[in-house]
Amino acid sequence: LLVASDQKEFRESVARHLRQAGCAIETFDSGHECARAAAEQEADLVLVDEVLSDVPGTELIGLLRESPLTSETPVVFFTTDDAQQDAELQISGRVWELKKPFRSDELLLKVLKACALGGEIGTAWAAEDHANSNAASPLVDDDCPTPFTF
């Protein structure tokens with residue numbers, strides 16, 4: 001999985017929590033570098049923040065859709081907008097939004113859904129209702145009484 005954000009602390013927090021869940025993660029602050037790596041590695045999923053060091057997150061999603069190697073790669077798009085992203089994201093397909101702030105269990109659920117619908121993770125786990133707030137989350141730090149909020 002690839003994580004792109006210009007905010008180092010946010011990028012590293014997302015990566016750390018997904019690594020704890022068993023994911024292999026590579027991080028980027030540059031949208032162009034992330035797009036290049038996604039094509040070279042045939043990434044299973046790209047997590048994209050709204051703002052990157054060189055291009056907006058929506059532009060990175062456009063770059064991914066233009067390449068035959070990444071045109072079908074699922075994307076989780078981190079947004080702070082209250083309103084739904086307009087047609088720009090809707091027509092790009094296979095984009096799941098995750099509004100900031102979010103809890104680590106919400107991040108994991110969104111990643112699992114995006115990957116399961118992309119055929120990369122078995123559907124059994126994703127088909128279960130893990131949105132239940134009483135369900136244990138592998139991303140919750142045992143030393144912290146509540147899930148980490150990004």
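Residues numbered from 1 in each chain as written. Predicted model: local features only at pLDDT ≥ 70, side-chain atom pairs only at ≥ 80, totals over all residues. Heavy atoms only, no water.

(A) Layout of the overall build of the protein chain. Regarding its fold elements, the protein chain presents six helices and five strands. Starting at the N terminus, the α and β elements of the protein chain follow one another as β-α-β-α-β-α-β-α-β-α-α. Looking at the protein chain as a whole, 46% of its 150 residues are labelled buried. For the protein chain, the computed accessible surface area is about 7,900 Å², with 47% contributed by carbon and sulfur atoms. (Helix = DSSP H or I, 4+ residues; strand = E, 2+ residues; numbered from the N terminus. Buried < 20%, exposed > 50% of the residue type's maximum accessible area, 1.4 Å probe, protein only. Areas by Shrake-Rupley, 256 points an atom, 1.4 Å probe, with all protein chains shown as cover.)

(B) Structural detail: unusual backbone geometry. That bond from Lys100 to Pro101 is cis: its omega, -5°, falls within 30 degrees of zero. Within the fold, Pro101 resides in the loop between strand 5 (95-99) and helix 5 (104-117). Phi at Glu42 is positive, roughly 50°, even though this residue is not glycine. By secondary structure assignment, the location of Glu42 is in the loop between helix 2 (31-41) and strand 3 (46-49).

(C) Expanded view of the environment of Thr80. Among the secondary structure elements, Thr80 is positioned in the loop between strand 4 (75-79) and helix 4 (87-90). Relative accessible area serves as the criterion here: at 46%, Thr80 is assigned to the partly exposed category. Distance from Thr80 to Asp49, taken between C-alpha atoms, is 9.4 Å for residues 31 residues apart in sequence. Contact partners of Thr80, with chain neighbours within four places excluded, come to Glu50, Lys99 and Lys100. (Contact = heavy atoms within 4.5 Å.)

(D) Looking closely at the packing of helix 2 against helix 3 (residues 57-66). Two elements in contact, helix 2 and helix 3, have axes separated by 10 Å at closest approach and are oriented at 25°. Judged on the interaxial angle alone, helix 3 and helix 2 are roughly parallel. The chirality of how helix 2 crosses helix 3 is right-handed. For the pair helix 2 and helix 3, contact is made by Gly31, His32, Cys34, Ala35 and Ala38 and by Leu60, Leu63 and Leu64, respectively. (Axes fitted to C-alpha atoms, helices over the stretch in contact; angles between N-to-C directions. Parallel < 35°, antiparallel > 145°, perpendicular 65-115°, else oblique. Left-handed = near helix turned anticlockwise from the far one by under 90°.)

(E) Focus on the sheet that holds strand 3. In spatial order, the strands read 2-1-3-4-5; together these five strands make up an open sheet with parallel pairing. Of all strands in the sheet, those with a lone pairing partner are strand 2 (26-28) and strand 5, marking the two edges. Across the sheet, the mean angle separating the axes of adjacent strands is 20° when strand polarity is ignored. Running at roughly 170° to strand 2, helix 1 (residues 8-20) makes contact with strand 1 (2-4), strand 2, strand 3 and strand 4 of the sheet. Contacts between helix 5 and the sheet are confined to strand 3, strand 4 and strand 5, with strand 5 contributing the most and set at about 175° to the helix. (Pairing = 2+ DSSP bridges.)

(F) Just helix 5, in detail. Helix length check: helix 5, at 14 residues, gives a terminal C-alpha distance of 20 Å against a target of 20 Å (1.5 Å per residue), a fit within 8%. Across the 14 residues that make up helix 5, a large majority, 10, are buried. The set of residues buried in helix 5 consists of Ser104, Asp105, Leu107, Leu108, Leu109, Val111, Leu112, Ala114, Cys115 and Ala116. (Expected span 1.5 Å × (residues − 1).)

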